[in-house]
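# Structural features, examined
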Amino acid sequence: MMFSRSAPVRAALLACLWPALVLAPCAHAQSTSDEGWFGAKTTTAEAPVTFPRAPQDLVHVHITASGSLQFYVDRGSVSVEPGQTVRYTLVGKTPDGPSNITYEGINCAKRQWKLYALWNDASKQWVAAAGSDWQPIPENGAARVHSTLFRDDFCRNQSVRGPAADLVRRIELGLHAPSD
């Protein structure tokens with residue numbers, strides 16, 4: 001039987017490439033992040049962030065779970081941005097009065113949320129959140145408010161449900177809001 005000189009080279013090349021050809025598609029298919037081949041991040045351009053005024057006109061977010069922490073969205077801060085993203089000011093209040101105020105976004109296309117800034121009440125200004133990345137929105141836990149805003153108020157079929165005024169109206173109507 002005759003072998004060509006290039007046969008050993010082809011065999012060595014195939015031996016080196018085989019694991020990459022077989023395993024890479026499997027690893028990529030299981031990934032839920034925005035990473036492409038070899039871990040390269042794929043990013044979508046996001047509109048520049050302009051912080052809203054201090055919260056003034058709060059609308060109660062109706063969350064199914066009962067708890068002492070109540071959430072509100074500032075009516076004037078709700079905006080619809082390119083890329084199926086809704087930005088808003090979220091206020092979390094306890095019965096004793098302390099509150100946590102954040103400026104956030106929900107990406108309807110990817111079911112993710114992002115923290116843009118925290119309100120500093122002492123200096124009366126926003127402080128940008130350093131290194132904040134998009135996070136998946138879980139159904140339960142501390143981020144339940146994000147799930148509620150995503151599912152009931154802001155998003156439907158991976159798209160924003162309408163203009164900002166319609167989104168605020170949905171929050172006002174609560175859990176029994178019409179579903180478009």
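All of these numbers come straight from a predicted model, not from anything done at the bench.

Regarding its fold elements, the chain presents three helices and ten strands. Counted from the first residue to the last, the chain has its helices and strands arranged as α-β-β-β-β-β-β-β-β-α-β-β-α. Taking all 180 residues of the chain together, the buried fraction comes to 32%. Pairs at least 24 apart in sequence give 43% of the contacts found in the chain among residues at least 6 apart. For the chain, the exposed surface amounts to about 11300 Å²; the carbon and sulfur share of it is 58%.

Inspection of every chain in the model, using the stated rule, returns seven aromatic pairs. Their ring planes at 35° and their centres at 6.2 Å tell us that F51 and W126 sit as a pair that is tilted. Residue F51 is found in the loop between α1 (6-30) and β1 (58-60), and its partner W126 is found in strand β7 (residues 125-128); the two are separated by 75 residues along the sequence. Ring geometry for Y103 and Y116: centres 5.7 Å apart, planes at 40°, overall tilted. Taken together, the residues span a long stretch of sequence, with Y103 in strand β5 (residues 99-107) and Y116 in strand β6 (residues 112-120) at a distance of 13 residues. By relative accessible area, which is 3% here, Y103 ends up buried.

Another point: the state of the cysteines. Under the counting rule described, the total for this entry stands at one disulfide. In this model, C108 is linked to C155 through a disulfide, with the two sulfur atoms separated by 1.9 Å. Around the S-S axis, the bridge from C108 to C155 shows a dihedral of about -65° and counts as left-handed. Pair noted here: C108 is in the loop between β5 and β6 and C155 is in strand β9 (residues 155-156), with a separation of 47 residues, a long-range link. Assigned by exposure class, C108 and C155 land together as buried.

Another aspect to go through is the environment of D133. On the secondary structure map, D133 appears in the loop between β7 and β8 (135-136). Non-local contacts of D133, meaning those with residues more than four positions away in its chain, are made with W113 and K114.

Turning our eyes to something else, we now look at the pairing of strand β2 (residues 70-74). Burial analysis of β2 places four of its five residues in the buried class, which makes it a mostly covered element. Where β1 and β2 come together, three bridges link them in antiparallel fashion. Each bridged residue has a counterpart across the sheet, and for H60 the counterpart in β2 is Y72. Sheet topology places β2 next to strand β4 (residues 85-93); four bridges connect them, and they run antiparallel. Bridge pairing in β4 places F71 opposite G92.

On to helix α3 (residues 164-173). In an α-helix, one turn spans 3.6 residues; hence positions three or four apart end up facing the same way. Every buried residue of α3 is listed here: L167, V168, R170 and I171. An end-on view of α3 places all buried positions within 155° of arc, on one side of the element. Among the structural elements, β1, β2, β3 (79-81), β4, α2 (144-154) and β10 (159-160) are those in contact with the buried residues of α3. Looking one or two places after α3, you find G174, whose phi comes out positive at around 80°.

Conventions we followed
- Residues numbered from 1 in each chain as written.
- Predicted model: local features only at pLDDT ≥ 70, side-chain atom pairs only at ≥ 80, totals over all residues.
- Heavy atoms only, no water.
- Helix = DSSP H or I, 4+ residues; strand = E, 2+ residues; numbered from the N terminus.
- Buried < 20%, exposed > 50% of the residue type's maximum accessible area, 1.4 Å probe, protein only.
- Contact = heavy atoms within 4.5 Å.
- Areas by Shrake-Rupley, 256 points an atom, 1.4 Å probe, with all protein chains shown as cover.
- Phe/Tyr/Trp six-rings, centres within 6.5 Å; stacked < 30°, edge-to-face > 60°.
- Disulfide = S-S within 2.5 Å.
- Pairing = 2+ DSSP bridges.
- Arc of directions from axis to C-beta.

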